[in-house]
Amino acid sequence: MSSSSTVRTARRRTLRVAAAALVAAAGLTLTACSGADAAGAKPAAHTDKNAAAAESSAAGWSGLQSSDAKPGVAGRQAGSAPAANSAKAASPVRIQRLADGISKAEISKLGDQHYRARIVARGSVLATLETKDGDAGLDANDMFVTLTLDGQVHSWMGGGHQGPGTFKLAGGWTAKVTKTGDARYRAQIIGHDGVAATLEANQQDTGVDANGIYIVLSAGGVISAHA
């Protein structure tokens, strides 16, 4: 073979090697770009899924916080302290049988000196007492019930006096009952030192704990007390 043929063959081999190298380099570049795009796409898709899950969780949590939520469900599904406290407040602290032997009081704590008692008989809620600004009372067909600021329920049968008038009560108290309007009565609770408390029954019954003597004044002007 002549020297010129040898040179041409070497050049062709060099060109083929160079072309192959260029193709390989291009392939590597495309692979690297494709990998970067894929890596970028996966986090984006993952973020979208996380956002959707967060929105779903928020919607579910909002629903559980509604007034229709069952007590205790929200606390179990999300471990936040407010949810647990809310669920706890909705559950009865205790259940107490009342003086008529049929009714019972389901007592719940809503806050500091804030209690609620649901009066239940044969599966039906007959009345609700709540200590918002003071003690609460109820005349339930001659069964009298008080709920005090510390969540204590007291009940008794009978002993009512129909006002207006002045009446001797248990514990040495005297009640001066006056009518102030339609289904509105006032009772001044008088002791040895004068007027100790005033009850206002404005279209709803009311009650008070007078040093361990429990007094109820109804919106119909009936007053009763029990030790």
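Residues numbered from 1 in each chain as written. Predicted model: local features only at pLDDT ≥ 70, side-chain atom pairs only at ≥ 80, totals over all residues. Heavy atoms only, no water.

Q: Looking at this model, I keep getting lost on the sheet that holds strand E8 (residues 161–162). Mind explaining?
A: Sheets are built from strands paired through backbone hydrogen bonds, the pairs being either parallel or antiparallel. Strand order in the open sheet made by the 4 strands is E8-E15-E14-E13, with antiparallel pairing throughout. Edge positions in the sheet fall to E8 and strand E13 (206–210), since each has one partner strand and no second. Judged from the 5 bridges that link them, E13 and strand E14 (residues 213–217) form a sheet pairing that is antiparallel. For Thr 206, the partnering residue across the bridge sits in E14 and is Leu 217. (Pairing = 2+ DSSP bridges. Helix = DSSP H or I, 4+ residues; strand = E, 2+ residues; numbered from the N terminus.)

Q: Help me out: how do you make sense of the pattern of salt bridges in this one?
A: One side chain can pair with another of opposite charge once the charged atoms of both are near each other. Counted according to the given criterion, the structure contains 3 salt bridges. In this structure, the salt-bridge partner of Arg 116 is Glu 130, at a minimum N-O distance of 3.4 Å. Of the two residues, Arg 116 sits in strand E3 (residues 114–121) while Glu 130 sits in strand E4 (residues 124–130), which places them 14 residues apart along the sequence. The salt bridge involving Glu 200 is made with Arg 186; its shortest N-O contact spans 2.4 Å. Taken as a pair, Glu 200 in strand E12 (residues 194–202) and Arg 186 in strand E11 (residues 184–191) lie far apart in primary sequence, 14 residues in all. The class for Arg 186 is partly exposed, based on a relative accessible area of 32%. (Salt bridge = Lys/Arg side-chain N within 4 Å of Asp/Glu carboxyl O. Buried < 20%, exposed > 50% of the residue type's maximum accessible area, 1.4 Å probe, protein only.)

Q: Quick question: what am I supposed to make of the pairing of E4 here?
A: For a regular strand, the rule is simple: side chains alternate between the two faces of the sheet. Pairing analysis gives 6 bridges linking E3 to E4, with the strands arranged antiparallel. For Ala 117, the partnering residue across the bridge sits in E4 and is Leu 129. Connecting the antiparallel pair E3 and E4 is a turn made up of 2 residues, with Arg 122 showing a positive phi of about 50°.

Q: How do you make sense of the layout of surface pockets when you look at a structure like this?
A: Over the atoms a probe the size of a water molecule is rolled, and this reveals where empty space is left. Roughly 290 Å³ of internal volume is contained in the largest pocket. What lines the largest pocket is a set of 16 residues, among which Glu 130, Asp 135, Ala 136, Gln 204 and Asp 205 lie closest to the centre. Those elements giving two or more residues to the lining of the largest pocket turn out to be E4, strand E5 (136–140) and E12. Of all the elements, E4 adds the most residues to the lining of the largest pocket, at 4 residues. (1 Å grid on protein atoms, 1.4 Å probe; cavity = no way out; pocket = protein on both sides within 12 Å on 5 of 7 lines; lining within 4 Å. Points joined across faces, edges and corners; volume = space filled by probe spheres on them.)

Just geometry here; none of it tells us what the structure is for.
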